[in-house]
Amino acid sequence: MDLRRWIPALLVASLAMLAAPDARALDTDRGLHQFHHTAWTRAQGAPSQISAIAQTRDGFLWVGSTQGLYWFDGIRFQRFEPTNDVQVPSHNSYALHATADGGLWVSFRPSGLGFIRDGRLTLYTRPDQIPKTQVYSIRTALDGRLFAGTHEGIAQWNGTRWVSLDDAWGVPNDRVRQLIALPRGLVAVVGREVLLLPPRATRFAKLADVPCEPVEMVADAHATVWVSCDGGMLRVPVSGPPVFDRAAMRPPFVEVMFDRDGALWLGNDFGLYRVRDPAQALGATIENADTYTDEDGLTSDNIIHMFEDREGNVWVATSRGLDRFRSNPVVPVALPEAYTSNTIAAGEDGAVWVAGMFTSPLVRIDAAHRAGARTPFLEASQPVQARSVLRTRDGTTWWGGLGVLYRQRGERVDVVPGPREVANSWIWDLANASDGRGLWLGVDDLGLWEVDGDAWSPARLPQGLLSRVPSASWDDGAGVQWFGYTENRIRVVDHGRVTSYGPEDGLDIGRVKVIRGNAVQRWVGGELGVALFDGKRFHRVRFAGSQQPGAVGGIVPTHSGDVWLSEMRSLIRIPVDEMRALLRNPKHAVRAQRFDESDGLPGAPQMNTTDSTALEASDGVLWFGTDSGLAWVDPEKLRPPGPNPEARLLTVRARDEAIDAKGATDFPVGTDHLEFVFTAMTLTAPERVRFRYRLAGFDDAWQDAGTRREAAYSRVPPGDYVFHVQAAHPGQAWGGPEAAMRVSIAPAFWQARWFLFLCFAFGAAVIGALYLLRLHQMERQMLARLQERHDERERIARELHDTLLQGLHGLILRFHAIGVQIPADNPLRAAIDRALDRADDMLVEGRDRVSNMRRSTESSASLPVALVRAGQQFAEGYPGQFCHAIQGVERTIDPIVQDDLYQLGREALFNAFNHSDASRIELLLVFDHHRFVLRVVDNGRGMDPAVARAGGLRGHWGLAGMRERAERVQGALSIGPGADGGTAIELVVPARTAYAVTAARRFKDWALRRATISSSDDRG
């Protein structure tokens, strides 16, 4: 083997892999019609008369046409507008070339070249900057040098301008059709010569002469150069002489391309052709090539250009638009129109048999048809019409039809007619009889029948098995049969023993449509989803995301461990790893992969049958019935989803002005509405990509945009924000690269911080002034109320003095006059003297109380000073000791409250000094943050418990007055024995009532609260 021959091919393959790490080429085992085709015309925003296509490093597709230069993200076409306000010399973009640094060279027609990078266009239009004639092709050689093929030779870029190559380079002064960069050098077809410039060389060498007028030049995977001309095909291999075939590829093709799998794509005025094996193109005809024309959906039969992107998609430019062919995991198989509501069964060698609802041939689909061959299907010996099928252990396939059974062995089909009772009834279900000797048939409204050989009879059923037709059945191959019914009912027959399951066993999927399983799993599909049986109970399977499965008509547990569901909207694949997680935890939210029309599924999965609409063929290929035919999936060739695509910000719009989203953007005063436009860097199935976004500084969490590619925000206040966007393939977790953009909205002067601070300061000043005014009003009201109370007390004292006390004094004088008339030795005289002494005491006490009512100096002083002064007055001449103490920082007492507190405290001291006979009397005042406490304690003889319970002596009002004053100040008064005997009187008043409301007090309250919190934190 000549290893040197394969080195270039290996280099080409390596470069292709580096350029497209996630490429998904178009398999050569599929026909052109089995690829996913999408067409864009002017109605979808695409330009017509496209002349060139290129893909830049960022993933965008660039399209040059006579109507301008466009970029395309797979969803929208956008005309290129330079961000640096440069006017393009022409809208006719003839040739494009993407460079490794992310730039794009553009050849304008009739003259001029431009280089685009980061949205900026650099023009080269002066005669000393560009070649003398039109540029048809631009290529970068693998050694890094950049060349352009023109109408009169080749030019090279020297870093500042294009320089035409002179005769020393060995280039004829003729038209250059094409340039190709290969590992062995730069290949050019100039006039009718094929030239090669080896790496780092400065002179071209001739490889071959073209015997006819060249049209196109390409290279295959082996680096063989193919030159198409109007008289045949010239092949120039890496080694060996050129080979010319005049009969090859007739008529000539103006567009020729090899894809990365080696298939040959051809285009002319009659449509598109694809040759899976290029050797087929070397002969008189290419009749075996796949064809695609406007009748198949091509935008036009006039092919102008072809291009393969980094993901393996093939793009075809026509005179009317742009077409894309991409690989799809689900491959459709076209069937004749008569085949609807099909019933399918697995055959030998990977084949499947298909029967329709109406009488039609029973056809066999083999590997060739699966690959898109349009040869006739192999037909069985007998036409059938079927609604059910069963393959028994002996290899016989039974088809249930309208009143008859069809028995198939290989290609031979025999009819087993039913009795007259079932002549017009469909056989909806087939199952092995429990004794293993015959078949059970579900016959319309007639229930279950039994067929043994050719004999038909109503079925002899084990006890507990319903006689009506089941909606689904399954034989596990070990003698256990499962039957499903409507209303969440299942019966399991295990060698004649019947077990029933229902909603009480977790079954909640509605009418059972399919039952399937394997050695360890039992799956049930119904109208409302799918359930998994753990041996005792059924568990409805939940899926991650918001979309839960609907009706499930087909289930295939594959040999690889995956489970496939045929659901009413799509096919669902549960990977083996998710299956393991589900078996461990039935409540696990399954992350599955969905396949729908965008993946090649022809229509919606078939639902109107009692048989499973999905099966695994003997070669491991999965088959699914749909309302538009059949489709297959090869799990071995099913690539896992690649990494999530890169999100890309395109523009941000504010105040009807769109700004290119590059770097940071500042918006002027008055901006409050922002619109962000973004995309994802994938061209394979961009319509399925999901997005989420958030505006940091405005959003608290990510916003799910679905497939929408815009985000709008209203009422955005001034400030600095960062917009983030992420993209993900359907069914994949979020992650991967995200795009971010900083935006800043300038505030108006009334939104600026200094203005807000001034407003706050002004508002605080106004509130403070109003607060002080209110305090002044409250102070005046308090003083007025105090004056009213003082005046009322003086009035009462004056009336008491003028009436009661004066009268009492007169009575005392009269009784004294009477008493002196009684002899001194008379006992009555002594009684009267004692009564008069008592009356004198009461008169003195009454005068003292009246004097206290008129006294204001004590109560106008601070409460501690007034009470201490009162105690000291009572202590004069008293044999006991008077002590006083203050705890806490003294605070101002509310003036109204202070008078009641003073009178209550003075009454307590008075009682202690006059009635306790104590040796020690204590006064304690506590100024606490939350309360005020007044306590008077003595160590005297104490208070009679009966008096304490009665609230005082009958006819005495001291204790009653104290209680009234305590209630008036919202305090709690307690009277009881002291710790050392005697009596303890304690009054507790809440701080909000006891203390005066002042600004200083509020500040102190706040400071005390903060200090309390801090000390609590320190202790914690």
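Residues numbered from 1 in each chain as written. Predicted model: local features only at pLDDT ≥ 70, side-chain atom pairs only at ≥ 80, totals over all residues. Heavy atoms only, no water.

(A) Summary view of the sheet that holds strand β70 (residues 983-990). If you walk across this open sheet you meet the five strands as β66-β67-β68-β70-β69, and the pairing is mixed. On the outer flanks of this sheet lie β66 (881-887) and β69 (972-977), each paired with one strand and no other. On average, each strand axis in the sheet is inclined to that of its neighbour by 10°, with strand direction left out of account. In the sheet, strand β67 (residues 920-927) pairs with strand β68 (residues 931-938) via seven bridges, with the strands oriented antiparallel. (Pairing = 2+ DSSP bridges. Helix = DSSP H or I, 4+ residues; strand = E, 2+ residues; numbered from the N terminus. Axes fitted to C-alpha atoms, helices over the stretch in contact; angles between N-to-C directions.)

(B) Geometry of unusual backbone geometry. Cis geometry is adopted by the peptide bond preceding P110, which originates at R109 and carries an omega value of 15°. Notably, Q49 is not glycine yet its phi reads approximately 55°, a positive angle. With respect to the helices and strands, the residue Q49 is situated in the loop between β1 (36-41) and β2 (50-55). The phi dihedral of A223 falls on the positive side, at around 65°, and the residue is not glycine.

(C) How the structure looks around the nonpolar core. Membership of the largest hydrophobic core comes to 37 residues, with the highest contact counts inside it found for I893, L901, I921, F932 and L987. Of all the secondary-structure elements, those providing two or more residues to this core are α7 (863-875), α8 (895-915), β67, β68, α10 (958-968), β70 and α11 (991-994). Examining the composition of this core, we find that nine residues originate from one element, α8, more than from any other. Counting 26 residues, the second-largest nonpolar core is a separate cluster that includes F678, A711, A727 and V743. (Core = buried A, V, L, I, M, F, W, Y, C linked by side-chain atoms within 4.5 Å. Buried < 20%, exposed > 50% of the residue type's maximum accessible area, 1.4 Å probe, protein only.)

(D) Seen up close, the sheet that holds strand β22 (residues 255-258). Ordered in space as β22-β23-β24-β25, the four strands form an open sheet in which the pairing is antiparallel. The sheet terminates laterally at β22 and β25 (290-292), the two strands that pair on one side only. Direction aside, the axes of adjacent strands within the sheet are offset by 20° on average. Here β22 pairs with strand β23 (residues 264-268) via four bridges, running antiparallel. Bridging across to β23, E255 finds its partner in G267.

(E) Expanded view of the pattern of salt bridges. With the rule as written, the count across this model stands at 40 salt bridges. One salt bridge connects R260 with E308, and the closest N-O pair in it is separated by 3.1 Å. Highlighted residues: R260 in the loop between β22 and β23 and E308 in strand β26 (residues 303-308), separated in sequence by 48 residues. Judged by relative accessible area, R260 falls into the partly exposed class, the value being 31%. (Salt bridge = Lys/Arg side-chain N within 4 Å of Asp/Glu carboxyl O.)

(F) Looking closely at the state of the cysteines. Under the criterion given, the structure shown has one disulfide. Put simply, C212 and C229 are joined by a disulfide, and their sulfur atoms are 1.7 Å apart. Note that C212 is positioned in the loop between β17 (205-209) and β18 (214-219) and C229 in strand β19 (residues 225-229), a separation of 17 residues in sequence. Judged on exposure class, the residue C212 and its partner C229 are both buried. (Disulfide = S-S within 2.5 Å.)

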